[in-house]
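If you want the building blocks of each chain, they are given just below.
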Amino acid sequence: MSEQPACITGIRPGITARGLDRSQLPVADWLCHCGTHERATGHRAVQQLLARARTGHCPHTVGLGAAA
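Residues numbered from 1 in each chain as written. Predicted model: local features only at pLDDT ≥ 70, side-chain atom pairs only at ≥ 80, totals over all residues. Heavy atoms only, no water.

A. Examining the overall build of the protein more closely. Summing up its helical and strand segments, the protein has one helix and three strands in all. In the protein, the succession of helices and strands from N to C terminus is β-β-β-α. Here the protein holds 68 residues, and the buried ones make up 24% of them. When the accessible surface of the protein is summed, it comes to about 5,500 Å², and 52% of that surface belongs to carbon and sulfur atoms. (Helix = DSSP H or I, 4+ residues; strand = E, 2+ residues; numbered from the N terminus. Buried < 20%, exposed > 50% of the residue type's maximum accessible area, 1.4 Å probe, protein only. Areas by Shrake-Rupley, 256 points an atom, 1.4 Å probe, with all protein chains shown as cover.)

B. Spatial organisation of the confidence of the model for the protein. Mean pLDDT over the protein works out to 81, with 85% of the residues at or above the 70 mark. The element-level mean pLDDT for the protein is lowest in strand E1 (residues 14-18), coming to 89, with strand E3 (residues 37-41) highest at 93. (pLDDT = per-residue confidence, 0-100.)

C. Up close: the nonpolar core. Ranked by size, the top nonpolar core spans eight residues in total: Ala28, Trp30, Cys32, Ala40, Val46, Leu49, Ala53 and Cys58. Ignoring sequence-local partners within four residues, the contact set of Ala28 consists of Thr16, Ala17, Glu38, Arg39, Ala40, Val46 and Leu49. (Core = buried A, V, L, I, M, F, W, Y, C linked by side-chain atoms within 4.5 Å. Contact = heavy atoms within 4.5 Å.)

D. Main features of the sheet that holds E1. Spatially, E1-E2-E3 is the arrangement adopted by the three strands of the open sheet, whose pairing is antiparallel. Either end of the sheet is taken by a strand with one partner, and the two such strands are E1 and E3. Going across the sheet, the axis of each strand differs from the next one's by a mean of 10°, ignoring polarity. Pairing geometry for strand E2 (residues 27-31) and E3, over five bridges, is antiparallel. (Pairing = 2+ DSSP bridges. Axes fitted to C-alpha atoms, helices over the stretch in contact; angles between N-to-C directions.)

If you want it as structure tokens, here you go:
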């Protein structure tokens, strides 16, 4: 039995950050247009993810030789 890649429709790529108030734990989610999902939790991790995540550029396919 071969595995088929997940085909998800209706979910748009982008960056979402929540819990940025002083008394909350910040969480950021990044869905790249290639389908890769990354989540960061905590002030420093969220800042790092927001600094490097780009919605128009896919860093996941750079090493594969595919056009992003």
